[in-house]
Amino acid sequence: MQFSILQPTLKQALALAGSHLGKGGVFGMVAIEAAGDQLRVSARNLDSGVNCFMSANVVQAGGVLLPEKLLADLVGNLPPERVDFDLDPKTSRVKISCHRSVATIPGVPLSEMPPIRSHYAANKDFAVSVPEPSAHLARFGLESLRSAIESTAFAASDDDSRPTLTGIDLTRSGIVAKFAATDGFRLAVTQSELESEFGEMVKMIIPSSRLDRLAKVLALGDQGGSVDMFFTHNWTLFTVSCNEKSALSVVEVEMSLIDAKFPDYNAIIPKQSSIGIRVVRDELKKALRVTGLYARDNANIVTLSIGGGQLKLIAKSFETGDCSVEVELRECDSHDHLLISFNFKLLADYLDRADAELYMRFTNSTRPAKISSAYSRDDSSFYIIMPMQPK
């Protein structure tokens, strides 16, 4: 294997590959493979992997596994100029040259790493695994998929003892894809339209941590572009074409699915409400920041007092005292009074991703609240948050 590539391009690919690595064995290695006029930089762990494709000046095709940390540190400290790679096939040792620097890195034969699936490289001379013929295809608009991930992934659990809740439930039917995530204390649901009709209903659970990584890849894509999603019952593969500003051409992310049944969350979604209010997001965020200073000493509890067309946030601390902040309402559809308490951090998480104005619906102090955009009050996207009992 012999090729040349610009340092910034290789640095970007290694950064993406490094985020998918596991520890130990070949999972501490990154695959470097040259074929045709392109270079593939890939890495994987037990349940996910990434392929980064980019243009390169290839003199001789071939591939090798190299230690990711050493290679990334070396490339990161080279000047932004041409980097030359030359592999000795007998020893799997790679000579790397750039400007006045020359280094060698011991490698491992490419065959030591299980191949990663790739649709993009299916008809190219790369050592990849081609998706099975039985795999299905769903096509998303890039911005639509990015928004769906951002709107739901934050609500998934990070408790590995409950693996089902660490994933995002994805249901596809016709031209609609519904995303849902919950940690038992909150629920985030949003819908996204597919670019082509899918057909029969399909459900799967995708690890939210893997979708967080995919979101970083989507940032490299063309905003008006599409994302192809290939999947079977136990894996899925996303193919993203990068925009002109990126040094990469195509990035693919493969991930295993969670083999479980997602809980039926429809039972906790309020079917009706007794009070509905419209509020400016930034005003509510400011009030939460202030009351949150006191709520931290009292299980993060902030109480919302609603009545007479007014909203007041109240927090009590046994150490520092009490705090209350009034928030102006744009709309209130009831004169009833209600005191309801929440974990302010769970509410703040949603506000960081919400539209400029919100519509909040309440039933009583023991039932979940439902929050959605004030610009669209249908059930295409909403957030459910469970109340707390003040101490």
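The rules behind these values
- Residues numbered from 1 in each chain as written.
- Predicted model: local features only at pLDDT ≥ 70, side-chain atom pairs only at ≥ 80, totals over all residues.
- Heavy atoms only, no water.
- Axes fitted to C-alpha atoms, helices over the stretch in contact; angles between N-to-C directions.
- Helix = DSSP H or I, 4+ residues; strand = E, 2+ residues; numbered from the N terminus.
- Parallel < 35°, antiparallel > 145°, perpendicular 65-115°, else oblique.
- Left-handed = near helix turned anticlockwise from the far one by under 90°.
- Contact = heavy atoms within 4.5 Å.
- Nonpolar A, V, L, I, M, F, W, Y, C, P; charged D, E, K, R; others polar.
- Buried < 20%, exposed > 50% of the residue type's maximum accessible area, 1.4 Å probe, protein only.
- Lys, Arg positive; Asp, Glu negative; His and termini not counted.
- Salt bridge = Lys/Arg side-chain N within 4 Å of Asp/Glu carboxyl O.
- Polar contact = N/O pair within 3.5 Å; in protein donor to acceptor, adjacent residues only side chain to side chain.
- Pairing = 2+ DSSP bridges.

**Looking at the packing of helix α5 (residues 281–295) against helix α6 (residues 344–351)**
Interaxial distance between α5 and α6 falls to 10 Å at its minimum, and their mutual angle equals 155 degrees. Judged by the inter-axis angle, α5 sits roughly antiparallel to α6. The interaxial crossing formed by α5 with α6 has left-handed handedness. Of the residues in α6, those in contact with Arg281, Leu284, Lys285, Leu288, Gly292 and Ala295 of α5 are Phe344, Leu347, Ala348 and Leu351. Here the contact of α5 with α6 is built from residues that sort into 7 nonpolar, 1 polar and 2 charged.

**Some details on the side chain of arginine 361**
Structurally, the position occupied by arginine 361 is in strand β24 (residues 357–362). Lacking a salt bridge, the buried arginine 361 has aspartate 379 as its closest oppositely charged neighbour, with an N-O distance of 5.0 Å. Side chain to side chain, arginine 361 and serine 372 meet in a polar contact 3.0 Å long.

**Section: the sheet that holds strand β4 (residues 48–55)**
Ordered by their spatial adjacency, 8 strands build an open sheet running β6-β2-β3-β4-β17-β16-β15-β10, and the pairing between neighbours is antiparallel. The open sheet has two free edges, formed respectively by β6 (62–67) and β10 (136–141), since each of these has just one partner strand. Averaged over all adjacent pairs, the angle separating strand axes in this sheet is 20 degrees, with direction ignored. Direction of pairing for strand β16 (residues 235–241) relative to strand β17 (residues 250–256): antiparallel, over a ladder of 7 bridges. Counted as the bridge partner of tryptophan 235 is serine 256 from β17. Packing of helix α3 (residues 142–152) onto the sheet brings it into contact with β10, β15 (226–231) and β16, and relative to β10 it is tilted by some 90 degrees.

**Considering unusual backbone geometry**
With the exception of glycine, most residues fall at negative phi, and the peptide bonds are largely trans. Non-glycine residue histidine 99 carries a positive phi angle of around 55 degrees. Locating histidine 99 in the fold gives a position in the loop between β8 (93–98) and β9 (101–106). Taking relative accessible area as the criterion, histidine 99 reaches 55% and is therefore assigned exposed. The phi angle at asparagine 300 is positive, at roughly 65 degrees, despite the residue not being glycine. One can find asparagine 300 in the loop between α5 and β19 (301–307).

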